[in-house]
Amino acid sequence: MSRPHVHAITGAFGYSGREIARLLLARGERVRTLTGHPDRPDPFGGRVEVEPFRFDDPSRMREALAGVRVLYNTYWVRFDHGASTFARAVENSRALFRAAAEAGVERVVHVSITNPASGSPLPYFRGKAEVERALRESGLSHAILRPAVFFGGRDVLINNIAWLLRRLPVFGVARGAYGIQPVHVEDVARLAVEQGERGGDVVLDAVGPEVFAFDELVRLVRAAVRSRAAIVPVPRWLLLGAARALCAPLGDVVLTKDEVEGLTANLLVSGGPPTAVTSFTEWLAAHADGLGIEWASELGRHYQ
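Given the structure is predicted, the values throughout are model-derived calculations rather than measurements. (Residues numbered from 1 in each chain as written. Predicted model: local features only at pLDDT ≥ 70, side-chain atom pairs only at ≥ 80, totals over all residues. Heavy atoms only, no water.)

(A) Structural view of the overall build of the protein. In terms of helices and strands, the protein carries 11 helices and 13 strands. Here the C-alpha atoms of the protein give a radius of gyration of 19 Å, agreeing with the 19 Å that 2.2 N^0.38 yields for 304 residues. Over its C-alpha atoms, taken along the principal directions, the protein stretches across nearly 60 × 40 × 40 Å. The long-range share in the protein, meaning contacts at least 24 apart out of those at least 6 apart in sequence, stands at 78%. Accessible area for the protein stands at about 13700 Å²; split by element, carbon and sulfur atoms hold 52% of it. (Helix = DSSP H or I, 4+ residues; strand = E, 2+ residues; numbered from the N terminus. Rg over C-alpha atoms; globule rule 2.2 N^0.38 Å. Contact = heavy atoms within 4.5 Å. Areas by Shrake-Rupley, 256 points an atom, 1.4 Å probe, with all protein chains shown as cover.)

(B) View of the pattern of salt bridges. For the structure shown, the criterion picks out 17 salt bridges. Between Glu 106 and Arg 69 there is a salt bridge, with the nearest N and O atoms lying 3.6 Å from each other. Taken as a pair, Glu 106 in the loop between helix H3 (86-103) and strand E5 (107-111) and Arg 69 in strand E4 (residues 68-73) lie far apart in primary sequence, 37 residues in all. Given the relative accessible area of 21%, Arg 69 is considered partly exposed. A salt bridge links Arg 236 to Glu 261, with the shortest nitrogen-to-oxygen separation between them at 3.0 Å. Within this pair, whereas Arg 236 is found in helix H8 (residues 236-250), its partner Glu 261 is found in helix H9 (residues 257-264), the two being separated by 25 residues in sequence. Judged by its relative accessible area of 33%, Arg 236 is partly exposed. (Salt bridge = Lys/Arg side-chain N within 4 Å of Asp/Glu carboxyl O. Buried < 20%, exposed > 50% of the residue type's maximum accessible area, 1.4 Å probe, protein only.)

(C) Here's a closer look at the side chain of Glu 29. In this fold, Glu 29 is placed in the loop between helix H1 (16-26) and strand E2 (30-35). A polar side-chain atom of Glu 29 sits 3.5 Å from a polar atom in the side chain of His 7. (Polar contact = N/O pair within 3.5 Å; in protein donor to acceptor, adjacent residues only side chain to side chain.)

(D) Structural view of helix H7 (residues 214-224). When we look at burial in H7, the residues that qualify are Phe 214, Leu 217, Val 218, Val 221 and Ala 224. Buried residues of H7, seen end-on, are gathered within an arc of 125 degrees and therefore sit on one face of the element. A positive backbone phi angle near 60 degrees is found at Arg 226, which sits one or two residues after H7. (Arc of directions from axis to C-beta.)

(E) Looking closely at the side chain of Lys 128. Looking at where Lys 128 falls in the secondary structure, it is placed in helix H4 (residues 123-138). A polar atom in the side chain of Lys 128 sits 3.2 Å from the backbone oxygen of Val 111.

(F) Up close: the packing of H8 against H9. Between H8 and H9, whose axes approach to 10 Å, the crossing angle comes to 140 degrees. Classified by the angle between their axes, H8 and H9 sit oblique to one another. Like other packed secondary-structure pairs, H8 and H9 cross with a definite hand, here right-handed. Residues Arg 236, Leu 239 and Leu 240 of H8 form the contact with H9, whose participating residues are Lys 257, Val 260, Glu 261 and Thr 264. (Axes fitted to C-alpha atoms, helices over the stretch in contact; angles between N-to-C directions. Parallel < 35°, antiparallel > 145°, perpendicular 65-115°, else oblique. Left-handed = near helix turned anticlockwise from the far one by under 90°.)

(G) Seen up close, the packing of H3 against H4. The N-to-C vectors of H3 and H4 enclose an angle of 15 degrees; their axes lie 9 Å apart at closest approach. One finds that H3 runs roughly parallel with respect to H4. Crossing of H3 over H4 shows right-handed handedness. Within the contact between the two elements, H3 uses Phe 86, Val 90, Ser 93, Arg 94, Phe 97 and Ala 101 and H4 uses Pro 123, Tyr 124, Gly 127, Glu 130, Val 131, Arg 133, Ala 134, Leu 135 and Ser 138. When the residues that make up the contact of H3 with H4 are grouped by side-chain class, the tally is 9 nonpolar, 3 polar and 3 charged. (Nonpolar A, V, L, I, M, F, W, Y, C, P; charged D, E, K, R; others polar.)

Next comes the structure, spelled out in structure tokens:
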């Protein structure tokens, strides 16, 4: 009997990578993670092989990818923090794709973002476009998935909106008309595994069936968690000032200027049809009791 194919995931113990790993393991596949946190607790009881990132050592990166059929790439950074910068993340991604090509990886499924653009003034969206270009130029067979914003599991944005609504008397939203199209993390994982089985180069928005005005989404979360917070449109400078004031007591980065600019520029909405099925409204009704009970810390997950 032949051994299962090796499927490698950057960040299989993280957020979206964990759901991809869960699906692959349930199918009996052999899973390996490349990670910046090799000592992180393993939620899969040792069933996932662990290799640390070695972006600066091409031969070790090739070894880590030896025998891999499909590489699922979720690696990225949310904001610049110390030596972990968007520019470094782009270079590391190039090194990863070079190593994958040299190791004979058959296919890459890459998780990007809706509406990336090489000319964007926002480093997050510009960097995502640069990584997509590096993947196309690598010659590797690939699928690029472009989710807007995740919900479900241990997400940051929706959970932390709920956390704030449970505790603050006022919740500010940036003035303007702009939307958001959330997608369940398990739907993205299913799309990723499906694309791993296919051939041909594909770019696919990974988005849910519902689009909301951002203030509408906040109101839905407020009602679900039984908050009485007033939702108030405010200028961006005031919103960012309030977010900065919360950083020290929370020990985290609550919100960045680029995130506000990307959201209000309507970059978290797809121009295409939905590709995922889970309704945010239905999920929210079913999970409201546990939403926002604990703060989901970005710094805690990745840097502490």
